[in-house]
Amino acid sequence: MEPRRYDVAIIGAGVAGLFIAHELSKFNLSIAVIEKEAEPGFGVSKGHAGVLHVVQPPFNSLKSMLAVKGNRLYDRVARELGVSMLRLPALLVARSGIELAILPLVYVVLKIIYQIRGFDISIVSGRRLRLLEPNVEGYAAIMIQGYGVIDSFELIDRLYRSSRARGVEFMFKTEARDLKIEDDTIVIETTRGSIRARYVINAAGLGSDTLASRVGGSERIEPHLGVMLVFDKPQTRSIVAPIPTLKPARTKGGGIIPMPWGSTIWGPSFAPTGSREDRGVRAEHVIDVIRKFKDLVRIKGRLVKAYAGVRPSTPKGDFSISYSPQTRRIINLVGIESPGLTAAPAIALMVIGMLKTAGLELTVAGKTPQKIVWRISTRARLAINPSGIEGHEGVIICPCMKVSLADIIDAIENGASTLDGIIFRTKLGMGSCQGQHCIGRAIIAMLRLTRKKPEDLVKSGEASWLVERL
Amino acid sequence: MARGEALEKTEKGSTIHIIGAGLAGLSLARELLDRGYSVRVAETRDRIGGISILDPEASGLIEKLGSEISVSLQSTATRLGERVAIISSTGVEGVAKGVSATGFRVASPIELGIVGDRPAGVYPFHAALDLLIAGLSPGRVIAIYGANRYSLLLAEKLAQHGRKIYVISSNPVRSKKDLEILVGRVRELKGSQRLSEIRLDNNTIKADTLVIAIFKPWNPFPELPSVGHASLEIYDPKALLEASRLLAINLGCEEQARRRVKVQGAIQAFPETLTPCLRELLVVKPGGGEVWIGDRSYSIEGDYAVIRTPGDSEPLVVRGS
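Residues numbered from 1 in each chain as written. Chains lettered and ligands numbered in written order. Predicted model: local features only at pLDDT ≥ 70, side-chain atom pairs only at ≥ 80, totals over all residues. Heavy atoms only, no water.

Taken together, the contacts link 46 residues of chain A with 47 residues of chain B. Roughly 3,900 Å² is buried in total at the junction of chain A and chain B, and carbon and sulfur atoms are behind 60% of that figure. Of all residues in chain A, the largest losses of buried area upon contact with chain B belong to Gln436, Trp465 and Leu470 of chain A, amounting jointly to 21% of the total for that side. If you look at where chain A meets chain B, you find 3 salt bridges. Note that arginine 302 of chain A and glutamate 111 of chain B form a salt bridge whose closest N and O atoms lie 3.7 Å from each other. Taken together, the connections running from chain A to chain B amount to 23 residue pairs in polar contact (both at pLDDT 80 or more). Those elements that place two or more of their residues in the side of chain A that touches chain B are helix H7 (283–293), strand S16 (303–311), helix H12 (439–450) and strand S21 (468–469) of chain A. Ranked by residues supplied to the side of chain A that touches chain B, first place goes to H12 of chain A with 6 residues. Partitioning the side of chain A that touches chain B into residue classes produces 24 nonpolar, 11 polar and 11 charged. Pairing of S21 of chain A with strand S11 (residues 136–137) of chain B involves 2 bridges; the strand directions are antiparallel. (Contact = heavy atoms within 4.5 Å. Buried area = accessible area lost by both parts, 1.4 Å probe. Salt bridge = Lys/Arg side-chain N within 4 Å of Asp/Glu carboxyl O. Polar contact = N/O pair within 3.5 Å; in protein donor to acceptor, adjacent residues only side chain to side chain. Helix = DSSP H or I, 4+ residues; strand = E, 2+ residues; numbered from the N terminus. Nonpolar A, V, L, I, M, F, W, Y, C, P; charged D, E, K, R; others polar. Pairing = 2+ DSSP bridges.)

Turning our attention to unusual backbone geometry. In terms of backbone geometry, most residues other than glycine have negative phi values and most peptide bonds are trans. With an omega dihedral of 0°, the bond running from glycine 267 of chain A to proline 268 of chain A counts as a cis peptide bond. In this chain, serine 338 of chain A is followed by proline 339 of chain A through a cis amide linkage whose omega measures 5°. Take proline 339 of chain A: it is sitting in the loop between strand S18 (327–334) and helix H8 (340–357). Of note, the phi angle at lysine 427 of chain A is positive, near 75°, even though the residue is not glycine. Relative to the helices and strands, lysine 427 of chain A is located in the loop between helix H11 (419–426) and H12. Its identity as a non-glycine residue notwithstanding, glutamine 74 of chain B has a phi of 45°, on the positive side. Here glutamine 74 of chain B lies in the loop between strand S3 (71–72) and strand S4 (76–80).

It is worth spelling out the environment of glycine 317 of chain A at this point. Residue and element names in this part refer to chain A. You can see glycine 317 is positioned in the loop between S16 and strand S17 (320–324). Distance in space between the C-alpha atoms of glycine 317 and glycine 301 is 36 Å, their sequence separation being 16 residues. Other than its neighbours up to four places away in sequence, glycine 317 contacts Pro58 and Lys63.

We now examine the state of the cysteines. Evaluation of the coordinates by the stated rule reveals 1 disulfide over all chains. The disulfide bridge from cysteine 253 of chain B ends at cysteine 277 of chain B, spanning 2.0 Å between sulfur atoms. Judged by the sign of its S-S torsion, about 75°, the bond between cysteine 253 of chain B and cysteine 277 of chain B is right-handed. Here cysteine 253 of chain B, found in the loop between helix H5 (237–251) and strand S20 (261–264), pairs with cysteine 277 of chain B, found in the loop between strand S22 (273–274) and strand S23 (280–284); they are 24 residues apart in sequence, far enough to count as distant. The cysteine cysteine 398 of chain A is free of any disulfide, with cysteine 438 of chain A supplying the nearest cysteine sulfur at 4.2 Å. By relative accessible area, cysteine 398 of chain A is classed as buried at 1%. (Disulfide = S-S within 2.5 Å. Buried < 20%, exposed > 50% of the residue type's maximum accessible area, 1.4 Å probe, protein only.)

This next bit is on the pairing of strand S27 (residues 316–320) of chain B. Residue and element names in this part refer to chain B. As paired elements, S20 and S27 share 2 bridges and run parallel to each other. What sits directly across from glutamine 264, in S27, is valine 317. The pairing of strand S24 (residues 289–293) with S27 spans 3 bridges and is antiparallel. Each residue of the ladder has a partner; that of isoleucine 293, found in S27, is valine 318.

Along its sequence, chain B is organised into domain 1 (1–103 + 218–252), domain 2 (105–215) and domain 3 (255–320). Look at where the C-alpha atoms of domain 1 of chain B and domain 3 of chain B centre, and you get two points 22 Å apart. (Domains from an automatic or database assignment.)

Orientation of H12 of chain A relative to helix H3 (residues 125–133) of chain B, taken along the N-to-C sense of each, is 35°, at an axis distance of 7 Å. Seen from H12 of chain A, the contacting residues are Ile439, Gly440, Arg441, Ile443 and Ile444 of chain A; seen from H3 of chain B, they are Ala127, Asp130 and Leu131 of chain B. Residues that form the contact of H12 of chain A with H3 of chain B fall into these classes: 5 nonpolar, 1 polar and 2 charged. (Axes fitted to C-alpha atoms, helices over the stretch in contact; angles between N-to-C directions.)

Tyr114, Ile142 and Leu428 of chain A together with Phe125 and Ile198 of chain B are the most contacted members of the largest nonpolar core, which has 154 residues in total. At 8 residues, H5 of chain B tops the list of elements feeding residues into this core. Among all residues touching phenylalanine 125 of chain B, those that are not within four sequence positions of it are Ile51, Val106, Tyr150, Ser151, Leu154, Val211, Ile212, Ala213 and Phe215 of chain B. Leu66, Phe319, Ile321 and Val351 of chain A belong to the second largest nonpolar core, which has 50 residues in total. (Core = buried A, V, L, I, M, F, W, Y, C linked by side-chain atoms within 4.5 Å.)

On to the sheet that holds S4 of chain B. Sheet strands pair via backbone hydrogen bonds, and the direction of the pair is either parallel or antiparallel. Residue and element names in this part refer to chain B. Spatially, S4-S5-S6 is the arrangement adopted by the 3 strands of the open sheet, whose pairing is antiparallel. Strand pairing shows two members of the sheet lacking a second neighbour, S4 and strand S6 (91–94), which therefore form its edges. Here the strands of the sheet are splayed against their neighbours by 35° on average, with no regard to which way each runs.

Attention now goes to helix H1 (residues 23–34) of chain B. Residue and element names in this part refer to chain B. The terminal C-alpha atoms of H1 lie 16 Å apart, and with 12 residues this matches the ideal 16 Å at 1.5 Å per residue to within 8%. Along H1, 9 of the 12 residues are buried, which leaves the element largely enclosed by surrounding structure. Packed against the buried residues of H1 are strand S1 (15–19), strand S2 (38–42), helix H2 (56–68), S3, strand S7 (98–100) and H5. Following H1 by one or two positions, glycine 36 adopts a phi angle in the positive range, close to 90°. (Expected span 1.5 Å × (residues − 1).)

Another aspect to go through is the environment of cysteine 277 of chain B. The class of cysteine 277 of chain B is partly exposed, set by a relative accessible area of 41%. Along the chain, cysteine 277 of chain B and leucine 32 of chain B lie 245 residues apart, while their C-alpha atoms are 15 Å from each other.

The next point concerns the sheet that holds strand S9 (residues 115–116) of chain B. Residues and elements named next belong to chain B. Read across the open sheet, the 4 strands follow the order S9-S15-S16-S17; overall the sheet is mixed. Looking at the sheet topology across the chains shown, the edges are occupied by S9 and strand S17 (204–206). Across 4 bridges, strand S15 (residues 186–190) lies against strand S16 (residues 197–200) in antiparallel orientation. Each residue of the ladder has a partner; that of glutamate 188, found in S16, is arginine 199.

It is worth spelling out empty space enclosed by the protein at this point. Residues and elements named next belong to chain A. Using the criterion set out here, one finds 2 cavities of 30 Å³ or more in the structure. Volume-wise, the largest cavity comes out at about 80 Å³. As for the largest cavity, its lining consists of Glu39, Pro40, Gly41, Phe42, Phe153, Ile156, Asp157, Phe424 and Arg425. Elements with a contribution of two residues or more to the lining of the largest cavity: helix H5 (152–165) and H11. (1 Å grid on protein atoms, 1.4 Å probe; cavity = no way out; pocket = protein on both sides within 12 Å on 5 of 7 lines; lining within 4 Å. Points joined across faces, edges and corners; volume = space filled by probe spheres on them.)

What follows deals with the environment of tryptophan 261 of chain A. When you line up the elements, tryptophan 261 of chain A lands in the loop between strand S13 (255–258) and strand S14 (264–267). Tryptophan 261 of chain A sits 123 residues away from isoleucine 384 of chain A along the chain, and the two C-alpha atoms are 14 Å apart.

On to the packing of aromatic side chains. Residue and element names in this part refer to chain A. Within this structure, the stated rule accounts for 13 aromatic pairs over all chains. Centroid distance phenylalanine 19 to tyrosine 74: 6.0 Å. Interplanar angle 85°. Geometry classified as edge-to-face. Of this pair, phenylalanine 19 sits in helix H1 (residues 15–24) while tyrosine 74 sits in helix H2 (residues 62–81), and the two are 55 residues apart along the sequence. Overall, phenylalanine 19 belongs to the buried group, its relative accessible area being 0%. Look at tyrosine 74 and you get buried, because its relative accessible area is 0%. We note lysine 427 situated over the ring of tryptophan 261; from NZ or CZ to the ring centre the distance is 4.9 Å. (Phe/Tyr/Trp six-rings, centres within 6.5 Å; stacked < 30°, edge-to-face > 60°. Lys NZ or Arg CZ within 6 Å of the ring centre and 35° of its normal.)

Okay, here's the thing in structure tokens:
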């Protein structure tokens, strides 16, 4: 029997691949998503702080253009998918006489860049700065409107679930190894057999260059690490960063970022790493981040966690979204690093346009699928109106983040197969006590709910076993 | 540390919520019940005993207190806006008068200066204890960071079940049960999926599990007075019972609101304020030695002492020699 042939196969269930799947699922197409990891968003997207950027240097790059476009699409996306998102400004703060002296010059330069793209920019006096941000230390600041912070884990979960509800097939723990072009079919050789599709989107993150090179691509990824520090209390209302100067820094951009669930992230740092597997936190990167931000804000809360994300950077420093030199039926997305999350909705529209140009017929699906009613988490219900919280909703497993047994059951029912899958969906263990009250109990709950053997439970990857029988 | 403000005057009829059914919470409940108060004990886990559950010197007492006192299990205190509330499967209940007996906080890797990979197999002490009680082992070759009463009890229990155990301590300690003790500090973790290697400042060990057992007193509800490990870093169950007794005297003091003396100083002392009803202070001095309260000196043998205070000079300063 001929194996099934999909209209479109997407390699990679990160935020870019998921947005493409989500948008394509609105058309009458058979779609497969192939993912190396056990769950969506476990690759590059895992390390994201959730910032929605505005303009990005270099300002005339594809990534800057897509970030601006993507940013504007997010209000609709967040509404459609019911994802928590905050709109907030960024403040570039002058902390010294010299920085104060260059502030007007920086303002004039930035005003041209930002205003032309529709983002309001203004100078904030020291007095107003203290009113806006009582914890921030500085003489004055430049305020840029239009940034955002989104719960990127929730976004990934909802993109995944909405695409799946509209018929997209997901294949996890399936790594694409090779691409072969046949007459009207692309054959994807994976670790679990071959998959055939008329069109292929390579959104494989850190593996995208290797895969693209199989069909003539020449981009090369040079991965960079970014360390982020998590504090357990809110510190600012805006994204706060020092005013940009000409000093080269090992931190690229980054800032003090308020999270939608009440914690604060400092970072990221920016440094090359030799290995694509490396997610190690190095002491010098922690120090870089602390040094960059410590004089900017009065620290509230405790430093509770340091983690590293990886960026699939390319030497050109821009996204590369192009047809394979050998066929227009393969589209390679290489170098989708920050601001990839911001750009992702715009990337999806761009890719759909390219598919259309390459001959894919797009007819809107006749039947509108049943609208998904997103469950409200126990934490959100407690914040709005605690009455009616009972049963499994009232069994709180994580006191800091108010995660209930009902939240864990919901996560597992909707695709969480690993401990990290539960953590990302629920925020379990992401509060002040960093898991002391919940991690053991969550593992025990997973055992009971999934009926797996203890040795089969994992944190994320297949070898990341958690426990064994005593 | 205890802040008496929230409990200005505790009338006998009103209910006091105790958050946590470890040794401190249970013994405070006993003391308050004996003084005629109505008490509700809320425990987030589905068992009582907290981290004293493995302690042979405490388990008998915990069992006894558990049979005398009714505890609401799987009832979790949390903050809802400005208020503290207790959430359980039967609903949400506000706390008007409460005491935090929430126990120790486990230090996080980054605050201990531990960097490197973030693989599976790194557990805070409490999580490892929860797993053990559920019949699970956190790993095969287990390093326990921090040598104290609780960590050594966990180490012994896991060793009894055939696990290879290392105890890592920044100070030299002696083990009764032939546990392998390494003196050093954990600096870096290695392991792409599961922990494989722990780098100390002076050594590297192969282990698949790190249990962090370095504890800090922490009251998540600072508007409530606290008792036990939420306010004191001490590793003697008898001291926890003493602290509960002192707090119960304070809570019951009719004149509390009017004449309170603040306790200050660099030495751990409990409670944080003294009422006219209470003239005793629990002073912690690990290893013993001399302490000063005001202008008088006292000699402490053992790790702590309950000291009768000189008078109501304001504030009361406790310092080392």
